[in-house]
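Observations on chain architecture
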Amino acid sequence: MTNLPLQALYYFYHAAELGSFKAAADLLNVTAGAMSQQIRLLEDRLDTQLFERQHRKVVLTAAGQRLLPYARQGFSQLREGLNQIGHDPDPTSLTLSTLSSFGQQWLVPRLGELKRIVPDLSIALMPTEKLVNFNRDPVDLCIRFGEGTYEGLKSEFIMHDYLYPVCHPLFLQQRSITCIEDLCQCDLLEDTQPDMSWDSWLAQAGMNMTLDKSSVQYAGVHFVVEGALAVQGVALVRHSVAWRYVQQGTLIKLFDTEVRSRYSYYLCAPASHFKRRKVQAFARWLHETADEFVASTPFLSGVQ
């Protein structure tokens, strides 16, 4: 069959991947009605139903399931071809994927300065804990917290992060905490990530001890910070996420024992994306801002 509507195929592809017309419409910045119209057009041209419309979601029919792998491969190859020639589909808009905690607590408060430096650049921030598939997702760059090795991607080191305990001033008034051993008498908050455990922090800090008090675990360091702000206990936090609260005085940094996280922040994308002017402008600003942030906390200078 020839002359199939490319736009309708593109809408089908995203709706099939997301399992929702509304989610696909939001991603493509079109109305739900426009999405449904294009899908209906494609079904009419193929003379077959591609989706079963259900409450709040859509499910592929057998025909839709057969078509999806070809649509996925076709658009992946098309995007790959555009990347190979350095084509930038939208030179004034940068789509950035980042961790929710880093985006909310560190990046967003600083984006106003980027807007002042590059006023014509708009930023679309996509907070997610999932890895980006650059052949599928309309993303220019991603910021990841890891070891910096991602297959098929170029990675640029941004900065290290550091771990230390904090608590709310009211909690400190209620408890006598003068040394690390006093933590045994406190409610402890920690992230579920293995490098964010109290036992791991104690070992890295060279403390030959265990904490008898059971910990409250949250899936995400931003939840751990929120727990500390709610006077729930002493929280083990990442410097990048908690420092602005320490500066404001809403959280108190305990002790002089900081350890470097086993992971660091990296800017990642296909190598061809780094040739885009908007990416170069953002990367330059990000590196300068990260360097200033690290330099603004002198107590980290001796942490290995």
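Data block above holds the structure.
So, here's what we can say about the structure. (Residues numbered from 1 in each chain as written. Predicted model: local features only at pLDDT ≥ 70, side-chain atom pairs only at ≥ 80, totals over all residues. Heavy atoms only, no water.)

Considering the nonpolar core
Core analysis: the biggest nonpolar cluster contains 68 residues, and Leu107, Leu141, Ile143, Val234, Leu267, Phe282 and Leu286 have the highest contact counts within it. Residues Tyr13, Ala15, Phe21 and Ala63 belong to the second largest nonpolar core, which totals 22 residues. (Core = buried A, V, L, I, M, F, W, Y, C linked by side-chain atoms within 4.5 Å. Buried < 20%, exposed > 50% of the residue type's maximum accessible area, 1.4 Å probe, protein only.)

As for unusual backbone geometry
Even without glycine at this site, Asp47 takes up a positive phi of about 55 degrees. In this structure Asp47 comes out as exposed when scored by relative accessible area, which is 72%. Not every positive phi belongs to a glycine, and Val231 is a case in point at roughly 60 degrees. The class of Val231 is partly exposed, set by a relative accessible area of 26%.

Describing the packing of helix H1 (residues 6-18) against helix H3 (residues 32-46)
Packing of H1 against H3 leaves a shortest axis separation of 8 Å and a crossing angle of 110 degrees. As the angle between them shows, H1 and H3 are arranged roughly perpendicular. Helix-helix and strand crossings are classified by hand; for H1 and H3 the assignment is left-handed. Taken together, the residues of H3 that come into contact with H1 (itself represented by Gln7, Ala8, Leu9, Tyr11, Phe12 and Ala15) are Ala34, Met35, Gln38, Ile39 and Leu42. Its residues assigned to classes, the contact of H1 with H3 shows nine nonpolar, two polar and no charged. (Axes fitted to C-alpha atoms, helices over the stretch in contact; angles between N-to-C directions. Helix = DSSP H or I, 4+ residues; strand = E, 2+ residues; numbered from the N terminus. Parallel < 35°, antiparallel > 145°, perpendicular 65-115°, else oblique. Left-handed = near helix turned anticlockwise from the far one by under 90°. Contact = heavy atoms within 4.5 Å. Nonpolar A, V, L, I, M, F, W, Y, C, P; charged D, E, K, R; others polar.)

Considerations on the pairing of strand S5 (residues 141-146)
In terms of residue burial, S5 counts as a mostly covered element, since six of its six residues are buried. With burial as the criterion, each face of S5 is covered, one bearing Leu141, Ile143 and Phe145 and the other bearing Cys142, Arg144 and Gly146. Taken together, the three bridges between strand S3 (residues 93-98) and S5 define a ladder with parallel strand orientation. Pairing of Ser97 across the sheet is with Cys142, part of S5. Here S5 runs beside strand S11 (residues 259-269); their pairing, made up of five bridges, is antiparallel. Bridging from a neighbouring strand, Arg144 pairs with Tyr266 of S11. (Pairing = 2+ DSSP bridges.)

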